[in-house]
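Here are the chains, one letter per residue:
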Amino acid sequence: MATQPSLFSRVSNQKIQEDLTRRCIQNENYIKTLEEMLKNHGVELPQTQLAVNPSMYEIVDNLMKQGSLEELESIVQRNVELLRNMDHSIEFHGLNYSTEVPKKKVIPTVGSMLLSLLAFWLPEEMETIDILADATGRILPRKMTLLIGPPGSGKSVLLKALAGRLRPLGGAKMSGEVYYDGDNIKSGKFLVGKVADYIEQGDTHEAVLTVAETILFSWQCTTGGHHGYARARDEASAEILNKDDDNHVQPKNVAIVLGLDGCKDIPVGNGMIRGVSGGQKRRVTIGEMVTCPRPIKLMDSISNGLDTATAYDIIRSIKYLSSKVGTTVVISLLQPPPDVYNQFDEIILLSEGHIIYHGPRTSVMEYFQDLGYACPHQVDEADFLQELPTPEGRRFIKVAGAPHTAKDLAAAWKKSSLYQQLLTEMRYPTLEDAKRLEKSNTKLWYLDQLQHFAGSFRFYFELLLDRQMKIVMRNSTFVKARIGQVLLVGAISGSLFNNIAVTDVSTMNGFLFNSMLFAALGSFSILPIIYAQKAVYYKQKDSLFFPTSAFCLAQTISFFPLQVLESVFYILIVYWSADLSHQYRGSRFLTFIVVSLVFSMTISQLFRVIAAFVPDIDGALPIAGIIIVIMVLFSGFIQPKALISDGWSWFYWMNPVAWALKAVTVNEFKSEKYDFLTCTNPTCTEKSRFGDFVLEQYGNPTDEAYIWYSFAVLVAEYLFLFLLTFLSLKYIRTEPTPPAPIRATNPVTEHDHEHEHADLVRLADTADVGDIEAGVTEATSAANETTGVELTAVAHGTDPSGKSLDSNKASSARGSNRLVKAQLPFDPISFAFKDIWYTVTLSSGEDVDLLRGVNGYFEPGTVTALMGSSGAGKTTLLDVLAGRKNTGVVKGEMYLNGVPKVEGYFRKIMGYVEQFDTLPQKSTARECVEFSAALRLASSVTADQRQAWVNAVLHMMDLEPIEDMLVGNMADGGMSFEQRKPAPGVTPIRPNVNPATWMLDVIGAGTSAAHAVQPTDFHNYYNSSALYQINQVHLETLVTPNEGSKRLTDDDMRDNEGYNASYLQQFFLLMRRIALTYWRTPTYSLFRHLTNMAIALIFASAYPQQEYDTYVAAVSRAAVIYVTALFCGVLAMLTVVPVVAADRPAFYREQQSRMYSVFIYCVTLFLIEIPYLLVSSLSFTLPFFYIVGFDNVGPVTQKFFWYWFFNFLLQGTLLFLGEFYVALTPSEATAHILVGLTNTVLGLFCGFLIGQENFPTFWLFMYWLDPLHYALEGMIMTQFHEDTTPIRTMDGSIMTAEDYIQHVQFPSWEYANVGFDVLALCLFTAVALVANYLCLSYLRHDKR
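What counts as what
Residues numbered from 1 in each chain as written. Predicted model: local features only at pLDDT ≥ 70, side-chain atom pairs only at ≥ 80, totals over all residues. Heavy atoms only, no water. Helix = DSSP H or I, 4+ residues; strand = E, 2+ residues; numbered from the N terminus. Buried < 20%, exposed > 50% of the residue type's maximum accessible area, 1.4 Å probe, protein only. Areas by Shrake-Rupley, 256 points an atom, 1.4 Å probe, with all protein chains shown as cover. Core = buried A, V, L, I, M, F, W, Y, C linked by side-chain atoms within 4.5 Å. pLDDT = per-residue confidence, 0-100. Contact = heavy atoms within 4.5 Å. Pairing = 2+ DSSP bridges. Axes fitted to C-alpha atoms, helices over the stretch in contact; angles between N-to-C directions. Patch = residues over 30% accessible without salt bridge, like charges linked within 9 Å, V, L, I, M, F, W, Y side chains within 5 Å. Salt bridge = Lys/Arg side-chain N within 4 Å of Asp/Glu carboxyl O. Expected span 1.5 Å × (residues − 1). Arc of directions from axis to C-beta. Phe/Tyr/Trp six-rings, centres within 6.5 Å; stacked < 30°, edge-to-face > 60°. Lys NZ or Arg CZ within 6 Å of the ring centre and 35° of its normal. Parallel < 35°, antiparallel > 145°, perpendicular 65-115°, else oblique. Left-handed = near helix turned anticlockwise from the far one by under 90°. Nonpolar A, V, L, I, M, F, W, Y, C, P; charged D, E, K, R; others polar. Polar contact = N/O pair within 3.5 Å; in protein donor to acceptor, adjacent residues only side chain to side chain.

## A few points about the overall build of the chain
Secondary structure assignment for the chain yields 53 helices and 20 strands. When burial is assessed residue by residue, the chain has 54% of its 1344 residues classed as buried. For the chain, the accessible surface area stands at approximately 57100 Å², while carbon and sulfur atoms represent 59% of it.

## As for the nonpolar core
The biggest cluster of nonpolar side chains holds 191 residues, and the ones touching the most others in it are F607, I628, F1248 and I1276. At 25 residues, helix α46 (residues 1111-1152) tops the list of elements feeding residues into this core. Counting 108 residues, the second-largest nonpolar core is a separate cluster that includes V178, I215, F344 and F546.

## Quick look at the confidence of the model for the chain
Taken as a whole, the chain shows an average pLDDT of 79; of its residues, 80% reach a score of 70 or greater. The low-confidence segment residues 78-84 (pLDDT under 50) makes 20 contacts with residues lying over four places distant or belonging to another chain. Every residue in residues 792-820 scores below 50 in pLDDT, and together they form 55 contacts with partners more than four places removed in sequence or on other chains.

## Some points on the sheet that holds strand β18 (residues 899-900)
Overall, antiparallel pairing links the four strands, which are arranged β16-β15-β17-β18 in an open sheet. What marks the edges here is a single partner per strand, and that holds for β16 (847-858) and β18. In terms of strand pairing, strand β15 (residues 831-841) meets strand β17 (residues 889-896) through seven bridges, oriented antiparallel. Among the inter-strand pairings, T839 is bridged to a residue of β17, identified as V889. Along the sheet face, helix α35 (residues 874-882) touches β15, β16 and β17 and points at about 70° away from the line of β16.

## Digging into a nonpolar patch on the surface
Taken together, the side chains of F613, L723, L727, Y731 and I732 present a nonpolar region at the surface, about 470 Å² in accessible area. When residues of the nonpolar patch are assigned to their parent elements, the largest contribution, three residues, is made by helix α30 (residues 706-731).

## Observations concerning the sheet that holds strand β2 (residues 126-139)
With antiparallel pairing, the four strands of this open sheet are ordered in space as β2-β1-β4-β5. Whereas interior strands pair on both sides, the edge strands pair on one side only; in this sheet they are β2 and β5 (183-184). Bridge analysis of strand β1 (residues 90-102) against β2 gives 10 bridges, and the strand direction is antiparallel. Residue pairing across strands places E91 opposite R138, the latter belonging to β2. Relative to the sheet, helix α6 (residues 155-162) contacts β1, β2 and β4 (173-180), its axis offset from that of β1 by approximately 125°.

## What about the pattern of salt bridges?
Per the counting criterion, the structure on display carries 34 salt bridges. R294 is the salt-bridge partner of D197, the closest N and O atoms lying 3.2 Å from each other. Of the two residues, D197 is situated in strand β6 (residues 196-199) and R294 in the loop between α11 (278-290) and β7 (296-300); the sequence distance between them amounts to 97 residues. Assessed through its relative accessible area of 1%, D197 is described here as buried. By relative accessible area, R294 is classed as buried at 3%. K834 serves as the salt-bridge partner of E1036, at 3.0 Å between the closest nitrogen and oxygen. A network of salt bridges, in which partner residues are shared, links E213, D466, K470 and R474.

## Concerning the environment of S175
Relative to the helices and strands, S175 resides in strand β4. By relative accessible area, S175 is classed as partly exposed at 34%. Once the C-alpha coordinates of S175 and S98 are considered, the two residues, 77 residues apart in sequence, prove to be 9.2 Å apart. Not counting residues within four places of it along the chain, the set of residues in contact with S175 comprises G94, L95 and N96.

## Some thoughts on the pairing of β6
Taken residue by residue, a regular strand's side chains alternate between the two faces of the sheet. Neither face of β6 is left uncovered, since the one carrying A196 and Y198 and the one carrying D197 and I199 both have all their residues buried. Across four bridges, β6 lies against β7 in parallel orientation. Across the sheet, I199 pairs through a bridge with M299, a residue of β7.

## Here's the deal with helix α43 (residues 1063-1079)
Taking 1.5 Å of rise per residue, 17 residues should cover 24 Å, and α43 covers 24 Å from first to last C-alpha, within 8% of that figure. When α43 is considered as a whole, its buried residues turn out to be Q1066, L1070, R1073, I1074, T1077 and Y1078. Buried residues of α43 fall within an arc of 135° about the axis and therefore sit on the same side. Opposite the packed face of α43, turned more than 90 degrees from it, sit the exposed residues L1064 and F1068.

## Let's talk about the environment of R1073
Relative to the assigned elements, R1073 resides in helix α43. In this structure the C-alpha to C-alpha distance between R1073 and T1164, which are 91 residues apart in sequence, comes to 9.6 Å. In this structure, R1073 is in contact with P920, S923, F931, E1150 and Y1156, ignoring residues within four places of it in sequence.

## Thoughts on the side chain of Q220
Turning to its location among the elements, Q220 is positioned in helix α8 (residues 211-223). When its relative accessible area of 15% is taken as the criterion, Q220 is described as buried. Each residue touching Q220, except ones within four places of it in the same chain, is listed here: G225, H248, F459 and L463.

## Structural notes on the packing of aromatic side chains
Counting across every chain of the model gives 82 aromatic pairs. Both rings, one in Y1078 and one in Y1084, keep their centres 5.6 Å apart while their planes meet at 80°; by these two values the pair is edge-to-face. Classification of Y1084 as buried rests on a relative accessible area of 2%. On the basis of an interplanar angle of 80° and a centroid distance of 6.3 Å, the ring pair of Y1108 and F1280 is categorised as edge-to-face. Highlighted residues: Y1108 in the loop between α45 (1087-1102) and α46 and F1280 in the loop between α51 (1267-1279) and β19 (1286-1288), separated in sequence by 172 residues. Each member of the pair, Y1108 as well as F1280, is classed as buried. Pairwise contacts between aromatic rings join F1180, F1184, F1185, Y1186, F1190, F1200, Y1203 and W1204 into one cluster. Positioned above the aromatic ring of F931 is the side chain of R1073, whose terminal nitrogen or guanidinium carbon lies 4.2 Å from the ring centre.

## Let's talk about unusual backbone geometry
Residues other than glycine seldom take positive phi values, yet Q335 does so here, at roughly 55°. A positive phi is found at E1282, a non-glycine position, where the angle reads about 60°. Topologically, E1282 is positioned in the loop between α51 and β19. Note on E1282: relative accessible area 44%, which makes it partly exposed.

## Here we look at the packing of α46 against helix α49 (residues 1228-1245)
One can describe the packing of α46 onto α49 by two numbers: an axis separation of 10 Å at closest approach and a directional angle of 165°. Taken together, the axes of α46 and α49 lie roughly antiparallel to each other. Like other packed secondary-structure pairs, α46 and α49 cross with a definite hand, here right-handed. Two secondary-structure elements touch here, α46 through Y1122, L1126, V1130, M1133, L1134, V1137, P1138 and A1141 and α49 through E1228, A1231, H1232, V1235, T1238, N1239, L1242 and G1243. Taken together, the residues of the contact of α46 with α49 break down into 11 nonpolar, four polar and one charged.

## Focus on the pairing of β15
One ladder, built from eight bridges, connects β15 with β16; its direction is antiparallel. Paired with A832 across the two strands is Y857, which belongs to β16.

## A short note on the packing of helix α48 (residues 1196-1224) against α49
Their axes nearest at 9 Å, the elements α48 and α49 cross at an angle of 140°. By the angle class used here, α48 and α49 are oblique. Crossing handedness for the pair α48 and α49: right-handed. For the pair α48 and α49, contact is made by L1214, L1217, Y1221, V1222 and L1224 and by A1231, L1234, V1235, T1238 and L1242, respectively.

## Observations concerning the environment of K901
Here K901 is to be found in the loop between β18 and α36 (903-909). We classify K901 as buried; its relative accessible area is 17%. Here the alpha-carbon distance between K901 and A832, two residues 69 residues apart in the chain, equals 9.4 Å. A polar contact is formed between the side chain of K901 and the backbone oxygen of L881, at a distance of 3.2 Å.

What follows is the structure, encoded as structure tokens:
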């Protein structure tokens, strides 16, 4: 038997051996085990103190058996050297990032966008804002660097620049260089995304995936699913290493370290899908990137939403990773607590884009003391540093002449000895040195840092397909709605087109056209899902998770099963019901299915192309609608091929609707059913095959080969669109331009500082504590008497009495600070609760108690901190107490001043600041506060008092610099996220430790304690303590009426439906806000006018001054009215869906707070749409009416008015129907499915494709319930009224156009019905409005 060759003899080639070494060194466990084994054999190596994985011993044993000690030592020594080379430093030189913004700050509105469109050639006066200014520094490995600074200082921009993620957009400019280990990140020597991870501010995830699936997907993408990719890839070691990988040990460990093991099987969730808590979601974001094997971690605001204990544990774990493994870490935090702050080694302090300190944490306080600053004893270091560069930080100045502006502080830093020392420690002291010396750098990059992806294309395709299938199938409402839509429309179409007569060519063509149209319009519903995935794709693309090609293919194929089911179900129903050809044992049936399926896939891919190119769904919907309209117009059905103008004939030949319609038409009319002869002229001297005659009449080919030509064209177009999607996603990034940071527009001068100092001295001499500190004294004494709350703040734009200044005075007051005392009356209320239980039922049917017999109370004049780890139930308890839970079962008792709580009254007097911000996106910060104050403050509060209160609140919350900025969202560039006896067994608190952090740590909060065995049952300990007994006694006093407190009367508690503001006040406030929302949403309010105008011009260009002397041309003239009316109405319905859906979360929150009546809200939504609908319908009617030539005959003014009016009524009816769909359905995607279903039903039952006389008796009620029927009757009858144009009919006779249309084509329609048509459309609008009101009143889709 041959001897087994040594492991190292099999890799004796030096190049292969180095490659093996290079791949092995990242496995710290492997290195550690080798070191320990060698130490046992007397070989001493440097200690690395790395964790040992027991499965590594088998590898080492094999090496010891197969290779000599010398060979093993040599390999290990080389590995140790390379391990040292794993440390990655970052240097950055002269980083500058600036953006150009309009000098005149204007919120985007319909007017501003229209002006920019009309005057696009006029240059706009711009100003440059520096976001980063000459930032130079270095980040050391094995050290923790804290990036800190006030909001708007440029922290996120600097992190993105260091990560290579900063893309100059919208006129932005960037300069400077970043180096990793001496190599420029643009050098191409390595892939930045394989070296550095960037953890973004927001939490962007697939909502339906679980926590474990999200982290596992990240690990699989970045490692290829096994360690062998980046580490020991030889057969022996990889086989053993993969044993752990098969069980996903590493991502599971990450979840455990982050305290996510208990919620690993819960969906991440979003605003409308119940998922993990905000803090848990933030940890998912961290875990998603920490599990990636990247040596550089750049983390942006990772503590948002985390309790202090959890934040401390995570930072401590990251510090261990940094110091022991060599990971280079930079973390941006906003006001970190002392325990977290002390974990860092280095500090970078930013102010207005300038670095004003960059060095050791231990030296920062001494540095600023030398500059003339002093930190008060009651202010911790992090808060001191955060506030120091702000105007409020000037209170820390103790030496006259100390620098206090950002530029002065930056200049002082660059003159300091610490900065000079920093330069000497850098590899390249200057940028010139870097450019000169970089070429001689000999840094060795690992192979995995040179390869884009860890696995094969097949690996990523299968991984992504599995994820995409989960996303589609877990959206059960969407899938059920799509299948239900197909079955319903199929049943309707099958019964309507039942047993079409062989000679009924018009009905047959209408059926074939309707089938293709249904397949095309059904694809609209995928747009919301595609856009929901777009942000996640961009994030994961930046981190090199997977190839774009694999993502595109998986995303497309994931919809295939649904599309196949839809095509098969629909065609199975309608094909045989309509009695289409049975020839060749169903082969024509199969051909129909294949063509329909490929056509559906092609249109869906077209919509993916639109989504890839258009930044948001508001812009995508009208674009998609216009494209579908053009396709339908030039499909050969509305306008026969022979009548299509030369200018549009090119589109006919590339139109997928035309090719699909051609294929199914030829497939049907070339069958044996139509093999009989028919006369081709009035005298019947010539005859031909009936099927061929029909095909020729409608401009279709008679060669059966065109079926497969059409199939080939559709496949080619699908592949072309797929390629276009891939190229767009890979090379074009359609994102909103990020806003410039909000900074003070009037920098404070030294003169201002002196005046402010004198003002504060005078204030201290004349004001008491209650005047300065938000009325704490008054609130405390309010427990036993009716009083008011006083809020004193330095507010702008008011006089000392709180009255608003006029615009000129307010403008001049901006540079000065005035003391404002705002006092509001209120009745002190105690709130007590006993034995609160909250139970939910899981999908498995199991009941889980999330709250278990909770008791407590809140008293006037006190502030209670509700504390606990993430996921402990803090938000759940607050939701229950605030009455916000709409799922599950709540039990227990709640009392207000000893009287059982009545929900309606309680919501009027209670303010609930929720964990997630759900605010109107098109309102400014000031408008949000003013709106809430106007609706929630008592009617007894005067306007001046209310305005003074609003000003004081804005100042107190530091919102004045951004008070005129839109709230927006993260996607469109809105505001950012910034804006004592211990129990037995408890570790005593250490000196200088935050008591809150210590308390959370000892009770098991945080991540490190989450899985530890607690020596004390704190729940039982508290229940048996004296404190519990005291609290219970006091609780009993609060659940009975107290004579000394406000006695709530029966009127107070009975008025459940009352509001603080009158209905008239609600109306005016809502009308103003919704009017501003529409005015500030030009992508909706303006684009729909432009879309209608575009549709009008496109159709008019196809029918310019149309001549109609034959029945085919006359019917085509009526058909263009049908198509334009249908699509203008459906586009109004489509485009309103995302606008109303975006406002729904804020509406739900405001309803819970009883801010206004649902009825008033619905009325204002109705009224605000009227002027826009009038203009929108006019935008279509005005060009279309005159270009097509409807003004050539008859009473022109009367005809124009009727066309405009009916278009207005139809668009309004369908738009309000769209608003109703949003209120009815749980998601935007489901609402779009109903829109598509409505479009199909409208087209089928309107009486155009099938006349009333041909309707089955059962379906006649749908004809009378179809609003499009009344709109078309009004439009067509008024446009052909008194039209004496001679028309040649099919039999050769001559009739007037009016007689032919009214008596032959549409015999059930009459001009005399026009008034009834108007009333019917108004009635449909009223029904839609009432249905919307009822849904908004009684349905809630935000499951809490």
